[in-house]
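Structural overview
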Amino acid sequence: QQQVKQSPQSLIVQKGGISIINCAYENTAFDYFPWYQQFPGKGPALLIAIRPDVSEKKEGRFTISFNKSAKQFSLHIMDSQPGDSATYFCAAYLWGKLQFGAGTQVVVTP
Amino acid sequence: GAVVSQHPSRVICKSGTSVKIECRSLDFQATTMFWYRQFPKQSLMLMATSNEGSKATYEQGVEKDKFLINHASLTLSTLTVTSAHPEDSSFYICSASKGEDGYTFGSGTRLTVV
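As a convention, each chain's residues are numbered from 1 in the sequence order in which they are written. For this description, chains carry letters from A and ligands carry numbers from 1, given in the order in which they are written. A pLDDT threshold of at least 70 governs which residues receive local features in this predicted model, and a stricter bar of 80 or more applies before side-chain atom pairs are shown or counted, although totals over entire chains, interfaces and linings include all residues. Hydrogens are left out, water is left out, and the side-chain values use all remaining heavy atoms of the structure.

With that out of the way, let us pick up a nonpolar patch on the surface. For patches, a residue must show more than 30% relative accessible area and have no salt bridge; joins then use 9 Å for like charges and 5 Å for nonpolar side chains, namely Val, Leu, Ile, Met, Phe, Trp and Tyr. For every accessible area listed, the method is Shrake-Rupley and the probe measures 1.4 Å; residues are considered covered only by the protein chains on display. The working definition used for a salt bridge is a side-chain nitrogen of Lys or Arg within 4 Å of a carboxyl oxygen of Asp or Glu. There is a patch of nonpolar side chains on the surface, built from I18, I20 and M78 of chain A and spanning about 240 Å² of accessible area. Numbering of helices and strands runs from the N terminus, with a helix taken as a DSSP run of H or I at least four residues long and a strand as a DSSP run of E at least two residues long. For M78 of chain A, the position within the fold is in the loop between β8 (72-77) and β9 (86-94).

Structure representation (structure tokens):
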């Protein structure tokens, strides 16, 4: 059973556009929500993370929006670049373990 | 920053043989390490959690006798796939933790069993 639901499964965006990936969770005990970026044949790399007491966090072109009451959080990639083409995973942390979403494959066209 | 080294990056083995994958935290001590399995275009599936000096905790459905995990030191954990079969072919990824803010992943190992 997927404890963190992620959508869309794939996304195509033009260079300079905004990529938006959404995640939802059920367990209100989750207390840390990271996003990971994974390139083919590589391990995931931490992109940005947020705690539930914060509604938004921005790092460069990447922004997490967090809605605690709706139990949803999203990743916005501004000014998307071809180098951002990768698979993105949201995750939620509880009791020493990360629960991953299913992943979103993002393709940024030139 | 925290660096986790995983070796080998690719391995091909014959069916019935065993393969060992190493995961090292290079610049920090990892009290906990995790092993994941990832199928093509799918998410990471946690296989087991290993704590230094104690037995690994396996997730439901993971055969502990097939996937042997050893966490002998604060910087090294190994995963041994015993008596490998083609269905064990997958991408295996380790991660090391210093706490919830410190999950660092290795670069993964592509295992192909022929």
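Moving on from the model shown.
Attention now goes to the packing of aromatic side chains. In summary, the pairing rule links any two rings of Phe, Tyr or Trp, Trp by its six-membered ring, whose centres are within 6.5 Å, and it sorts them by plane angle into stacked for under 30 degrees, edge-to-face for over 60 and tilted for everything else. The tally for this structure, following the rule as stated, stands at 19 aromatic pairs over all chains. An angle of 85° between the planes, with centres 6.4 Å apart, marks the rings of Y32 of chain A and Y93 of chain A as edge-to-face. Here Y93 of chain A lies in strand β9 and Y32 of chain A lies in the loop between β3 (19-25) and β4 (33-38), a separation of 61 residues in the sequence. Here the two residues Y32 of chain A and Y93 of chain A agree in accessibility, since each one is buried. Pairing Y36 of chain B with F105 of chain B gives two aromatic rings, centres 5.6 Å apart and planes at 45°, and the pair type is tilted. Exposure categories follow from relative accessible area, calculated using a 1.4 Å probe and restricted to protein chains: below 20% of the type maximum is buried, above 50% is exposed, and the middle band is partly exposed.

Moving on, we get to the pairing of strand β7 (residues 67-73) of chain B. Residues and elements named next belong to chain B. Any two strands are treated as partners once DSSP identifies two or more bridges connecting them. Sheet analysis places β7 next to strand β8 (residues 76-81), joined by five bridges and oriented antiparallel. Residue pairing for β8: N70 is matched across the bridge by T78. The antiparallel pairing of β7 with β8 creates a hairpin that spans two residues between the two strands.

One recurring pattern in soluble globular proteins: nonpolar side chains tend to sit buried together. Each nonpolar core is a collection of buried residues, namely Ala, Val, Leu, Ile, Met, Phe, Trp, Tyr and Cys, held together in the definition by side-chain atoms within 4.5 Å. One finds F33, W35, F73, L75 and Y88 of chain A to be the most contacted residues of the largest nonpolar core, which totals 25 residues. Among the secondary structure elements, those contributing two or more residues to this core are β2 (10-14), β3, β4, β5 (45-50), β7 (62-67), β8, β9 and β11 (104-109) of chain A. In terms of residue count, the dominant contributor to this core is β9 of chain A (five residues). By size, the runner-up hydrophobic cluster in this structure holds 24 residues, among which are I21, M47, A56 and V81 of chain B.

Listed as interface residues are 19 residues of chain B and, on the opposing side, 18 residues of chain A. Accessible surface is computed with a 1.4 Å probe, and the buried area is the amount of it that two parts give up when combined, taken over both parts together. With both chains or domains summed, chain B and chain A bury close to 1500 Å², and 51% of this area falls on carbon and sulfur atoms. Remark: the boundary between chain B and chain A carries one salt bridge. Across the pair E59 of chain B and K97 of chain A runs a salt bridge, and its minimum N-O distance is 2.7 Å. The criterion used for residue contact is that any of the two residues' heavy atoms lie within 4.5 Å.

What is shown is where atoms sit, not what they do.
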